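# Summary of the model geometry
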Amino acid sequence: MNSFFITFEGIEGSGKSTVASLIAKRFEDAGYTSFLTREPGGTRLSEDIRKILLDPERTDMCEKTELLLYLASRAQLVTEVIRPALREGKIVLCDRYFDATMAYQGWARGIGEELISRLNQVTVGNVIPDITFLLDLSVEEGFRRGPKHREKIGTRVRDRLERETVEFHEKVREGYLRIADRERERVIIIDASKELDSVLSAILRIIIDRFDLII
Ligand code: TMP
């Protein structure tokens, strides 16, 4: 069987993690060998890096360190997990991947899309997703979706004014939409403001069409 690599992206509160795990379950139930991993994380080393990256007390972290840690986490995940799994013909689902670096570091942090594009290429080589679902919704709606997300965003950018936080996430969304505009074949925008069931069925329909699978 052919291997497939599917990634899920979106701003905080877009529901991508829930959606990714439900899609993974759907593959399992249909008898496909698939697995779900996440970024940053997914290997022992990458999970250690994740702890550093998301630690609210690391207010000393400069933007370049942040960028390089995300890339380091990804390099390890690709080498240790994703590339071998694809070679074995598995379906790999990943909750965030290199588009997150483009949207967060490249566009929202302002490091620059061209540099990120080159670094992404160096980091992943030919391990490019076959399809990426961008779960898009407004930043306000993302923030409204439960105290967990609000608290999480609050901790990540603790020293900033609430207004700046919203602006940053607006830029992240903009960064994602720019990628979708450039890569229309790979990146599919899904309206994440809809009910979970309709988000899921929209994604499943596309997977079935694109990969000719029965799930
Ligand atoms: P998450 O597990 O909730 O998606 O948290 C990961 C956080 O890291 C999220 O705020 C997005 C951010 N991130 C980046 O800034 N750059 C990246 O390359 C990745 C993968 C995630």
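Higher on the page you've got the structure.
Computed from a prediction, not measured in an experiment: that's the story for all the values here.

### Structural notes on helix α1 (residues 16-29)
End to end, α1 covers 20 Å across 14 residues, agreeing with the expected 20 Å (1.5 Å per residue, within 8%). Its buried side turned inward, α1 meets β1 (4-10), β2 (34-38), β3 (91-95), β4 (131-136) and α9 (196-211). Once α1 ends, the next one or two residues include glycine 31, with phi positive near 90 degrees.

### Comments concerning the sheet that holds β3
If you walk across this open sheet you meet the 5 strands as β2-β3-β1-β4-β5, and the pairing is parallel. Edge positions in the sheet fall to β2 and β5 (187-191), since each of these pairs with one other strand and no more. On average, adjacent strands in this sheet sit at an angle of 20 degrees to one another, irrespective of strand direction. The sheet contact formed by β2 and β3 spans 5 bridges and is parallel.

### Observations regarding the environment of glutamate 141
Mapped onto the elements of the fold, glutamate 141 is located in helix α6 (residues 139-144). On the accessibility criterion, glutamate 141 (22% relative accessible area) is partly exposed. C-alpha separation for the pair glutamate 141 and serine 14, spaced 127 residues apart in sequence, amounts to 8.3 Å. At a separation of 2.9 Å, a polar atom in the side chain of glutamate 141 contacts the side chain of arginine 144.

### A short note on the side chain of threonine 37
Summarising the element assignment, threonine 37 is placed in strand β2. In this structure threonine 37 comes out as buried when scored by relative accessible area, which is 7%. The residues touching threonine 37, leaving out its near neighbours within four places in the chain, are Gly42, Leu77, Ile82, Leu93, Cys94 and Asp95.

### Thoughts on the packing of α1 against α9
At a closest axis distance of 11 Å, the pairing of α1 and α9 adopts a crossing angle of 50 degrees. Between α1 and α9, the angle is such that the two are oblique. Between α1 and α9 the crossing geometry is right-handed. Of α9, the residues touching α1 (which contributes Thr18, Val19, Leu22, Ile23, Arg26 and Phe27) are Leu196, Val199, Leu200, Ile203, Leu204 and Ile207. Looking at side-chain class alone, the contact of α1 with α9 contains 10 nonpolar, 1 polar and 1 charged residues.

### Focus: the nonpolar core
Taken as a class, soluble globular proteins show a tendency for nonpolar side chains to be buried jointly. In this structure, Ile6, Phe8, Ile23, Phe27, Phe133, Ile203 and Ile207 are the most contacted members of the largest nonpolar core, which totals 45 residues. The element best represented in this core is α9, accounting for 7 residues.

Rules used in this analysis
- Residues numbered from 1 in each chain as written.
- Predicted model: local features only at pLDDT ≥ 70, side-chain atom pairs only at ≥ 80, totals over all residues.
- Heavy atoms only, no water.
- Helix = DSSP H or I, 4+ residues; strand = E, 2+ residues; numbered from the N terminus.
- Expected span 1.5 Å × (residues − 1).
- Contact = heavy atoms within 4.5 Å.
- Pairing = 2+ DSSP bridges.
- Axes fitted to C-alpha atoms, helices over the stretch in contact; angles between N-to-C directions.
- Buried < 20%, exposed > 50% of the residue type's maximum accessible area, 1.4 Å probe, protein only.
- Polar contact = N/O pair within 3.5 Å; in protein donor to acceptor, adjacent residues only side chain to side chain.
- Parallel < 35°, antiparallel > 145°, perpendicular 65-115°, else oblique.
- Left-handed = near helix turned anticlockwise from the far one by under 90°.
- Nonpolar A, V, L, I, M, F, W, Y, C, P; charged D, E, K, R; others polar.
- Core = buried A, V, L, I, M, F, W, Y, C linked by side-chain atoms within 4.5 Å.

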